Amino acid sequence: MENCIFCKIVAGDIPSPRLYEDDKMIVIRDIEPKAKLHYLCIPKTHFALLSEMDGERAELLKHCFERIAEIHSSLGLEEGYRVIINQGENGGQTVPHLHIHLLGGEPLKDF
Ligand code: 5GP
Ligand code: ZN
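Chemist: Go over the overall build of the protein, please, and point to the residues and values.
Modeler: A count of helices and strands for the protein gives two helices and five strands. Secondary structure elements in the protein, listed N-terminal to C-terminal, are α-β-β-β-α-β-β. Here the C-alpha radius of gyration of the protein, 14 Å, is about what a compact globule of 111 residues would show, namely 13 Å. Across its three principal axes, the protein shows a C-alpha extent of roughly 35 × 30 × 25 Å. The buried share among the 111 residues of the protein stands at 37%. Sequence separation of at least 24 residues holds for 52% of the intrachain contacts in the protein that already meet a minimum separation of 6. Counting every atom, the protein has about 6800 Å² of accessible surface; 52% of that belongs to carbon and sulfur. For the protein, the distance from the average position of its 12 positive side-chain charges to the average position of its 18 negative side-chain charges is 3 Å.

Chemist: Please set out the nonpolar core residue by residue, giving values where relevant.
Modeler: With twelve residues, the main nonpolar core is built from Met 25, Val 27, Leu 37, Tyr 39, Cys 41, Cys 64, Ile 68, Ile 71, Leu 75, Leu 77, Ile 100 and Leu 102. Among residues more than four places away in sequence, those in contact with Cys 41 are Met 25, Ile 26, Val 27, Cys 64, Ile 68, His 99 and Ile 100.

Chemist: I'd like to hear about the pattern of salt bridges, residue by residue, with values.
Modeler: Counted according to the given criterion, the structure contains six salt bridges. A salt bridge links Arg 57 to Glu 52; the shortest N-O distance between them is 4.0 Å.

Chemist: I'd like a rundown of the pairing of strand β2 (residues 25–29), residues and numbers included.
Modeler: In terms of burial, β2 is a largely internal element, four of the five residues being buried. Two elements, strand β1 (residues 20–21) and β2, share two bridges in a ladder whose sense is antiparallel. When the bridges of β2 are listed, Glu 21 appears paired with Ile 26. Linkage of β1 to β2, two consecutive antiparallel strands, is achieved through a turn of three residues.

Chemist: Just give me the short version of the site of ligand 1, but keep the residues and values in it.
Modeler: Surveying the vicinity of ligand 1 reveals 17 residues, the closest of which are Arg 29, Asp 30, Asn 86, Thr 94 and His 101. Taking Ile 31, its main chain carries an N or O atom lying 3.3 Å from a nitrogen atom of ligand 1. At 2.8 Å, a side-chain N or O of Asn 86 approaches an oxygen atom of ligand 1. Computed on the free molecule, ligand 1 has an accessible area of 530 Å², of which 86% lies beneath the protein chains in the complex. A total of three residues in the shell around ligand 1 trace back to one element, the largest contributor, which is helix α1 (residues 5–11).

Cut-offs applied
- Residues numbered from 1 in each chain as written.
- Chains lettered and ligands numbered in written order.
- Predicted model: local features only at pLDDT ≥ 70, side-chain atom pairs only at ≥ 80, totals over all residues.
- Heavy atoms only, no water.
- Helix = DSSP H or I, 4+ residues; strand = E, 2+ residues; numbered from the N terminus.
- Rg over C-alpha atoms; globule rule 2.2 N^0.38 Å.
- Buried < 20%, exposed > 50% of the residue type's maximum accessible area, 1.4 Å probe, protein only.
- Contact = heavy atoms within 4.5 Å.
- Areas by Shrake-Rupley, 256 points an atom, 1.4 Å probe, with all protein chains shown as cover.
- Lys, Arg positive; Asp, Glu negative; His and termini not counted.
- Charge placed at Lys NZ, Arg CZ, Asp CG, Glu CD.
- Core = buried A, V, L, I, M, F, W, Y, C linked by side-chain atoms within 4.5 Å.
- Salt bridge = Lys/Arg side-chain N within 4 Å of Asp/Glu carboxyl O.
- Pairing = 2+ DSSP bridges.
- Near = heavy atom within 4 Å.
- Polar contact = N/O pair within 3.5 Å; in protein donor to acceptor, adjacent residues only side chain to side chain.

Here it is as structure tokens:
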């Protein structure tokens, strides 16, 4: 998707160190961390919203959550973490390429 910052990161047009990568997703550090550890799990395929879900995208997100479950300890999240997917304007979504926030590395405040 043209002009999508996460598509550019996935394509390597904007350099961003990858803590994990496979054929379907990457994990990078958030540029403005909201917790001691703040990662973004970014599917390599562009879509913005859960409301655009279809079978293929559901499989893609299943893959992402399975990998997160496997790799969270290697990211320093073994004591627990928070998973956030912001959706749309009221949800605070600023990048319209669906992504999964992983926050942790310290006890997180209630929200
Ligand atoms: P959203 O607000 O859409 O749920 O999350 C977008 C996140 O992407 C924000 O937490 C923001 O800090 C992060 N972000 C925006 N641009 C970049 C970037 O170029 N590199 C990285 N690593 N994170 C970014
Ligand atoms: Zn995109």
